[in-house]
Amino acid sequence: MIREPLLFDISEKGKRGFRLPELDVPGDPSLLKGLPLRTEIEDFPQVSEVEVVRHFTRLSKTNYCVDEGLYPLGSCTMKYNPKINEVIASMKPISYIHPYAPEELSQGNLEILYVFERYLSEITGMDAASLQPSAGAQGELLGMMLIRACLEDHGDPRKTVLIPDSAHGTNPSSAHICGYGIKEIHSDGSGRIDIEDLKKNMTKEVAALMVTNPNTLGVFESDIKKITGIVHSNGGFVYMDGANMNALLGVCRPGDMDVDVLHLNLHKTFSTPHGGGGPGAGPVAVKSGLEPYLPLPVIKKDNGKIFCEYDRPKSVGKVRSFYGNFLVAVKALAYILSLGPKGLREVAEFAVLNSNYIRKSLDEHYHLQYETPSLHECVFSDKFQKELGVSNLDIAKRLIDYNVHPPTMSFPLIVHGALMIEPTETESKRDLDNFIQAMKEIAREAKENPTLLKEAPHQTYVRRLDETKAARNPVLKWEKKSDKNDRQT
Amino acid sequence: MFPKDYYYSKDHEWIKIDGDIGTIGITDFAQNQLGDVVYVEMPDKGTQLEFHQSIGVIESVKAVSDVYSPVSGEVIEFNEKLNESPELINQKPHDEGWIIRIKIKDESDLQKLMSVDEYEKFLEGIEE
């Protein structure tokens, strides 16, 4: 395959996309005096329009996306993004509204936010929601800020947050940024929270437990009511990471599990674009005890009129400009409305069914460390292949040759050499079978020709990258070098 | 393969004793589990560490993991070479890849650790 050159490398002096006609009226350069003008940006590539278009089109063809095939990244819920969402979000009355437009001219858009907040509260069994956070990590941080604000308001600031070893990797970071120390809670043999370990560590210094349910093994915390009870009886809060909400949608509700606050990832559960296709959105839903602390503004309705409320003395304040990622909320609301309550429940049912179909089909070929029934994702390990000298990395890289995006790897940490697979409800049986077939082929190749896996991928634009070198000596931008060969290595 | 005169923890740290000074690192088993180490975060000199308190974190291509102090005491030195060459932890985990030196506060902490024979037996249990 021919390597696409950088625009810097194909630059030729004097080339440009288009030319403006010469100025045919008298000019007055003195008007621009003192302004930081320049006629040329140093080393800026000079290329024609068609060269730029072809360059980026060719690069785009080396990419992989959910519109192309299965994207089984565990705990990322890379589901298909229905195009109707984009159609609705592109409608002029929705996309052309300015955030500074007066409320009386924005009633329709405010209603979208108002109704959407009510729906999210209903779906999660909570009392109120805020659409402000821009993504899951900010939602987590806001959730912890609400807990801190409430505890301090009651004169009981605490120091520690408990996080199970099967929780999402971002949780400790969010709690840490919010100023809490972290204490890890162990899993028991079934992959669930060890209740005894929780009891031992749940002291009066603990502000909250951050629980991911189902956890990153895809296992439902069936003792969740007991867990929330232990935390509450010691004056702490329960934060739920809602990243795995796709497993529960329409079936059960965090609010009914006595969770106090959770975030949702609209770009996971509610089908808005994920990753580079974002932006994301991480709404936070709370029980009434935390409602006074929600960020500004809060969308209210009174006498048929919808408005933004700013006069809230206990609020943690602004966490984002304007009203969050508004168009993401529009897309997620379109998804909810197009599915309806029955459809939302089917999402969870098919997500769980698909994952279990894969799990059952592959359990002879790949090791399952935890045999506890799992919901929307399943976690294999490379234990069988490790004996043949093949690691989870080799398996993941080889999957690329079968035109499948690799699954989440080496997480959760409690499964060594993990391959965390989440197919979502998107995939048809035929696509699931193709994936299963690829995984079986790879298991066979590991036995017969491990070198093939260790050198994979073979069919891609670039071959196996040196991840260690990339992490130790990252080259993050182009720099002019005197020797042209240097920058291509 | 594990040095005979070191003490070992269940979290796969080792400590080598020289008078009241202990040198601390992670075992070959630990580095093997982590994969290629790309960054090591170490405590400042003078930091007082409790038994089993986090010394810092080791970041590998796969994961970020805490390193716990196998004894209580005061950090007197850290391995500056790791800033430039974190791969020393992979290449020579039991000597040049050491992480910190500590002035031991309470020698009785050593009784909570394992001898090389006990550690090897402990590993057999894990690997099964």
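Residues numbered from 1 in each chain as written. Chains lettered and ligands numbered in written order. Predicted model: local features only at pLDDT ≥ 70, side-chain atom pairs only at ≥ 80, totals over all residues.

Engineer: For the nonpolar core, give the residues involved together with the corresponding values.
Structural biologist: Tyr239 and Ala329 of chain A are the most contacted members of the largest nonpolar core, which totals 105 residues. Broken down by element, the residue count for this core peaks at 13 residues, all from helix α10 (residues 326–362) of chain A. Built from parts of two domains, this core gets at least three residues from each of domain 1 (83–338) and domain 2 (346–472) of chain A. Beyond its immediate sequence surroundings of up to four residues, Ala329 of chain A is in contact with Ile112, Leu113, Phe116, Leu131, Ala281 and Gly324 of chain A. Among the nonpolar cores identified, the runner-up in size contains 28 residues, and Tyr6, Trp14, Ile24 and Ile26 of chain B belong to it. (Core = buried A, V, L, I, M, F, W, Y, C linked by C-beta atoms within 7 Å. Buried ≥ 20, exposed ≤ 12 C-beta atoms within 10 Å, placed from the backbone. Helix = DSSP H or I, 4+ residues; strand = E, 2+ residues; numbered from the N terminus. Domains from an automatic or database assignment. Contact = placed C-beta atoms within 7 Å.)

Engineer: Outline the domain arrangement of chain A, supporting the account with residue identities and numerical values.
Structural biologist: Residue and element names in this part refer to chain A. Partitioning chain A into structural domains gives domain 1 (83–338) and domain 2 (346–472). Taking only C-alpha atoms into account, the centre of domain 1 sits 30 Å from that of domain 2. Contact residues are listed per partner, giving 19 residues for domain 1 and 19 residues for domain 2. When grouped by side-chain class, the residues that make up the side of domain 1 that touches domain 2 number eight nonpolar, ten polar and one charged. (Nonpolar A, V, L, I, M, F, W, Y, C, P; charged D, E, K, R; others polar.)

Engineer: Could you give an account of the sheet that holds strand β12 (residues 408–409) of chain A, with specific residues and numbers?
Structural biologist: With antiparallel pairing, the four strands of this open sheet are ordered in space as β10-β11-β13-β12 (chain A). Since the sheet does not close on itself, it has two edges, and those belong to β10 (367–368) and β12 of chain A, each with one partner. (Pairing = 2+ DSSP bridges.)

Engineer: So, the interface of chain B and chain A: which residues are in play, and what are the values?
Structural biologist: In this assembly, seven residues from chain B lie in contact with seven residues from chain A. A class-by-class count of the residues in the side of chain B that touches chain A yields four nonpolar, one polar and two charged.

Engineer: Give me the lowdown on unusual backbone geometry, citing residues and values where you can.
Structural biologist: Residues and elements named next belong to chain A. Asn213 connects to Pro214 through a cis peptide bond whose omega is -10°. Relative to the elements of secondary structure, Pro214 occurs in the loop between β4 (206–212) and α9 (224–233). The omega angle of the peptide bond from Leu296 to Pro297 is -10°, so this bond is cis rather than trans. Its location among the elements puts Pro297 in the loop between β7 (284–286) and β8 (298–302).

Engineer: Go over the packing of helix α5 (residues 107–124) of chain A against α10 of chain A with me, naming the residues and quoting the values.
Structural biologist: All names here are of chain A. Here α5 crosses α10 at 55°, and the two axes come no closer than 10 Å. With respect to α10, the element α5 is oriented oblique. Viewed along their axes, α5 and α10 form a crossing whose handedness is left-handed. For the pair α5 and α10, the contacting residues are Ile112, Leu113, Val115, Phe116 and Tyr119 in the first and Ala329, Val330, Ala332, Leu333 and Ile336 in the second. Across the contact of α5 with α10, the residue classes break down as ten nonpolar, no polar and no charged. (Axes fitted to C-alpha atoms, helices over the stretch in contact; angles between N-to-C directions. Parallel < 35°, antiparallel > 145°, perpendicular 65-115°, else oblique. Left-handed = near helix turned anticlockwise from the far one by under 90°.)

Engineer: Can you tell me about the pairing of strand β13 (residues 418–421) of chain A, naming the residues and giving the values?
Structural biologist: Residues and elements named next belong to chain A. The side-chain alternation of β13 yields two buried faces, one formed by Ala418 and Met420 and the other by Leu419 and Ile421. In terms of strand pairing, strand β11 (residues 378–381) meets β13 through four bridges, oriented antiparallel. Of the residues in β13, the one forming a bridge with Phe380 is Leu419.

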